[in-house]
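# What the coordinates show
Next come the chains, spelled out residue by residue.
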Amino acid sequence: MASLFEEQKSLWTPGYEWVGGQVLADESVVILYREWAPGPILGRRYVLPEFKAMFEDHLSIKDLAQIIATYEISDPTGRGEIFPVNWAAGLVPPGQRVEWTGIYPRQLPAP
């Protein structure tokens, strides 16, 4: 994903910066980036089976990553919301604020 991010970056608004990414145990992918430096760290989480269900069955994980890099992240967000989640653990220092975008209430852990 990081290499796709770097490839697509030239098509986006200048200043986009990759922060990190990881695959979680629940078949979700977390992507952290900035839209400008030193802007907020923005986070997106994709539950891969749900995300893949929105497209044709033959798409590979690489195809899905390309869709995320081309169409999802390239759409400027500006700001996100702070949620009590640990999806970015290990990608940013403890206590580092991540503003999440594109998160639906059903994706959040139960209180």
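So, here's what we can say about the structure. (Residues numbered from 1 in each chain as written. Predicted model: local features only at pLDDT ≥ 70, side-chain atom pairs only at ≥ 80, totals over all residues. Heavy atoms only, no water.)

It is worth spelling out the overall build of the protein at this point. Within the protein, the regular secondary structure consists of three helices and four strands. Secondary structure of the protein in N-to-C order comes out as α-β-β-β-α-α-β. Buried residues in the protein amount to 38% of all 111 residues. Sequence-distant contacts in the protein: of pairs separated by 6 or more residues, those separated by 24 or more amount to 46%. With the model as given, the accessible surface of the protein reaches about 6,600 Å², and the carbon-plus-sulfur share is 56%. (Helix = DSSP H or I, 4+ residues; strand = E, 2+ residues; numbered from the N terminus. Buried < 20%, exposed > 50% of the residue type's maximum accessible area, 1.4 Å probe, protein only. Contact = heavy atoms within 4.5 Å. Areas by Shrake-Rupley, 256 points an atom, 1.4 Å probe, with all protein chains shown as cover.)

As a further point, take the environment of A65. Here A65 shows up in helix 3 (residues 61-72). Taking relative accessible area as the criterion, A65 reaches 15% and is therefore assigned buried. In sequence terms A65 and L48 are 17 residues apart; their C-alpha atoms lie 9.9 Å from each other.

With that settled, the discussion passes to the pattern of salt bridges. Applying the stated criterion to the full structure yields five salt bridges. Measuring nitrogen to oxygen at the nearest pair gives 2.6 Å for the salt bridge that ties R45 to D26. With a gap of 19 residues between them, R45 in strand 3 (residues 42-47) and D26 in the loop between strand 1 (17-23) and strand 2 (28-34) connect regions that are remote in the sequence. Each of R79, R97 and E99 takes part in one network of salt bridges that share partners. (Salt bridge = Lys/Arg side-chain N within 4 Å of Asp/Glu carboxyl O.)

Turning our eyes to something else, we now look at the packing of aromatic side chains. For any pair of aromatic rings, the description consists of the separation of the ring centres together with the inter-plane angle of the planes. Evaluated as defined, the whole model comprises three aromatic pairs. Summarising the aromatic geometry, the rings of F51 and F55 are spaced 5.1 Å apart at their centres and angled 65 degrees between planes, so their arrangement reads as edge-to-face. Among the residues examined, F55 registers a relative accessible area of 29% and is labelled partly exposed. (Phe/Tyr/Trp six-rings, centres within 6.5 Å; stacked < 30°, edge-to-face > 60°.)

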